[in-house]
Amino acid sequence: MKTIYLTTPIYYVNDIPHIGHTYCTLATDTLVRFWRKKLGKENVFFLTGIDENSQKTVDAAKKENLPVDKYLEEMATNWRETWEKIGISFDDFIRTTEPRHKKTVQAILQKIYDQGDIYKAKYSGKYCTGCEAFLKEQDLDEDGNCPDHKTKPQILEEENYFFRLSKYEKPLLKLFENKDFLKPEKARNEILNFIKGGLEDISLSRETAKFGLELPFDKTHKIYVWFDALINYFTAVDNEERKHFWPAEHIVGKDITRFHTVIWPAMLLSAGIEPPLSVFAHGFFTVDGVKMSKSLGNVISPVEISEKYGNDGLRMGLLSSFEFGNDGDFSLSNFDNFYRSKLAGGVGNLFNRVVILCQKFRDSKRPIFDSQEKTKNLNLINFEKHLTEKKIKLAIDDFFAVESAANKLLSDSELWKLVKINPEEADKIFSKIFVYLEILTEMAEILAPESAPKMREMIGDNDLVGESGILFPAIV
Ligand code: MSP
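None of the values given here were measured: they were computed from a predicted structure.

We now examine the overall build of the chain. On a plain count of helices and strands, the chain comes out with 17 helices and 15 strands. Here the C-alpha radius of gyration of the chain, 26 Å, is about what a compact globule of 476 residues would show, namely 23 Å. If you line up the chain on its principal axes, its C-alpha atoms span 90 × 45 × 40 Å. In the chain, buried positions account for 55% of the 476 residues. Residue pairs in contact within the chain that sit at least 24 positions apart in sequence constitute 76% of those at least 6 positions apart. Put simply, the chain shows about 21,800 Å² of open surface, and 50% of that area lies on carbon and sulfur atoms. Where the 64 positive side-chain charges of the chain centre and where its 73 negative ones centre are 2 Å apart.

Below you can see the structure in the form of structure tokens.
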């Protein structure tokens, strides 16, 4: 039986979940729901979680005047509860301070060490804590700052352990022969060029770090946080019940593609573990044309949006803003328009009107239609194909194409008049519209999971339609 294992990045615990993180998590959740419907719930595994063993954690706890473990508890609860509140259907939520993770990390690092791929050397470089990475001169801006964090990197000189990444150049190029390993094409070309440009060995430990997991073969060193973080994907399935899910498909932002498609597969190859099945690098969005940042005060919380527009409003509004894999922009005013016109005005009105017409003129009887019509129509719109290819916006466009077709039929036929003057003809139109409503309900199980059961209740599933109602409340 085919199984699917999808992951989001594990987010830095010190941040507050914002719509950037939400975007990736909701997209993954949508793909997960698609596969669950197709393959059965038990054949799909969805992992998300938080990245805790970073210097950022220690700095943030200090700022809050809290002991690190207390701080981590509070933040972890916040992340988990945020995802639960907005309807993320994860199967597991991993924290990198958990004992199960430490065990897997140490086992993998020991394997890499035994393989001869780890050696000790002196290293001096410029380290940015924001990125948790060494930066090269050419990475810095004209003031010598990290371009992303606008801070001066620290000069670190220490004795570190190194991973022989250079040894994996050829095996990685081989992995990239599979065109599906990294998508979209743009990201693939960029990383391929990077590998072809030659790989350098990288430092995998910190001698001076106080916080983090210890190297199994030298307890005086802490493991570089990215080495520890990437392993989370394997930790979650490193047991008898779940090991059949490996290898995973990773959904990540384009900012961290290199870690996932160069370092991570090389680590796994060295440890004798199958590399990930694939990585999909999605784009970044700005908010009203501006990069989201705490200092600009334009960081938007998903909970704020969901309280106003509902969870389905949030997910469809975000995921329909631009195609998954591209960069884009998210604007609250476009979002508001989308909700009012497409969800409340389009879908919500359609369901309500049709059910009321059925109640009024058909004694609530559902029209009869051929269920093959439903399958035929669904196949016509490429919805499955789009989701298989992770073209989430196109899948949402498919949903609204069906909605428009149904609304058009309703108004072109003037069904509310037709039903009085030509009931036989009206019956045919009702049947056609119901095929559309059935299709929309099925698509909503993936795209709008909180509304889907309400839609089903409204259109009924035996002889009668259910109660009319408001699927997407008006915003005041
Ligand atoms: N902890 C690392 C990941 C380790 S995975 C083994 C990390 N965390 S993060 O909190 O910074 O999250 C980064 C991810 O958040 C990005 O890859 C992306 O998926 C998402 N996004 C953050 N801001 C975003 C936008 N403005 N737009 C789209 N996605 C954004 O990196």
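That shown, we press on.
Among the 23 residues in the neighbourhood of the ligand, the closest are listed as Ile10, Asp51, Gly253, Asp255 and His282. One nitrogen or oxygen atom from the side chain of Asp255 is found 2.8 Å from an oxygen atom belonging to the ligand. For the ligand, the accessible surface in isolation is 680 Å², of which the surrounding protein chains cover 93%. Only strand 1 (4-12), helix 1 (19-39), helix 7 (225-230) and helix 8 (232-235) provide two or more residues apiece to the shell around the ligand. The leading source of residues in the shell around the ligand is strand 1, at four residues. Across the shell around the ligand, the residue classes break down as 13 nonpolar, eight polar and two charged.

A few words now on the environment of Glu214. Examined against the element boundaries, Glu214 turns out to sit in strand 10 (residues 214-215). On the accessibility criterion, Glu214 (27% relative accessible area) is partly exposed. Spatially, the C-alpha atom of Glu214 lies 26 Å from that of His250, the residues being 36 residues apart in sequence. Sequence-distant contacts of Glu214, defined by excluding residues within four places in its chain, comprise Gln106, Lys219, His221, Lys222 and Ile223.

Before going further, it helps to examine the packing of aromatic side chains. Applying the stated rule across the entire model yields 34 aromatic pairs. A ring pair is formed by Tyr123 and Phe134, whose centres lie 4.7 Å apart and whose planes are at 75°; its orientation type is edge-to-face. Taken together, the residues Tyr123 in strand 4 (residues 118-128) and Phe134 in strand 5 (residues 133-135) connect sequence positions eleven residues apart. For the ring pair Tyr127 and Phe134, a centre distance of 4.9 Å and an interplane angle of 75° mean the geometry is edge-to-face. An aromatic cluster is defined as three or more aromatic residues linked by ring pairs; in this entry it consists of Tyr23, Phe280, Phe285, Tyr309, Phe322, Phe324, Phe330, Phe335, Tyr339 and Phe472. The ring of Phe194 carries the charged tip of Arg258 above its face, separated from the ring centre by 3.8 Å. Across the ring face of Phe430, the terminal group of Arg362 is positioned such that the distance to the ring centre comes to 5.0 Å.

Quick look at the environment of Lys196 now. Residue position: Lys196 is located in helix 6 (residues 185-196). By relative accessible area, which is 55% here, Lys196 ends up exposed. Sequence-wise, Lys196 and Ile86 are 110 residues apart; in three dimensions their C-alpha atoms are separated by 42 Å.

This part is about the pattern of salt bridges. Proximity of charged atoms lets side chains of opposite charge pair with each other. Across all of its chains, the model carries 34 salt bridges by this definition. Here Asp91 makes a salt bridge to Arg36, at a shortest N to O gap of 3.4 Å. Taken together, the residues span a long stretch of sequence, with Asp91 in the loop between helix 3 (68-85) and strand 3 (92-95) and Arg36 in helix 1 at a distance of 55 residues. Looking at Arg36, the relative accessible area reads 13%, which means it is buried. A cluster of three or more residues bridged by salt bridges with shared partners is formed by Arg366, Lys374, Glu438, Glu442 and Arg456.

Quick look at the side chain of Thr28 now. For Thr28, the position within the fold is in helix 1. Looking at Thr28, the relative accessible area reads 0%, which means it is buried. In this structure the side chain of Thr28 is engaged in a polar contact, spanning 2.7 Å, whose partner is the backbone oxygen of Cys24. Excluding residues that lie within four positions of it along the chain, Thr28 makes contacts with Leu6, Thr7, Thr8, Phe46 and Ile251.

Definitions and cut-offs
- Residues numbered from 1 in each chain as written.
- Predicted model: local features only at pLDDT ≥ 70, side-chain atom pairs only at ≥ 80, totals over all residues.
- Heavy atoms only, no water.
- Helix = DSSP H or I, 4+ residues; strand = E, 2+ residues; numbered from the N terminus.
- Rg over C-alpha atoms; globule rule 2.2 N^0.38 Å.
- Buried < 20%, exposed > 50% of the residue type's maximum accessible area, 1.4 Å probe, protein only.
- Contact = heavy atoms within 4.5 Å.
- Areas by Shrake-Rupley, 256 points an atom, 1.4 Å probe, with all protein chains shown as cover.
- Lys, Arg positive; Asp, Glu negative; His and termini not counted.
- Charge placed at Lys NZ, Arg CZ, Asp CG, Glu CD.
- Near = heavy atom within 4 Å.
- Polar contact = N/O pair within 3.5 Å; in protein donor to acceptor, adjacent residues only side chain to side chain.
- Nonpolar A, V, L, I, M, F, W, Y, C, P; charged D, E, K, R; others polar.
- Phe/Tyr/Trp six-rings, centres within 6.5 Å; stacked < 30°, edge-to-face > 60°.
- Lys NZ or Arg CZ within 6 Å of the ring centre and 35° of its normal.
- Salt bridge = Lys/Arg side-chain N within 4 Å of Asp/Glu carboxyl O.

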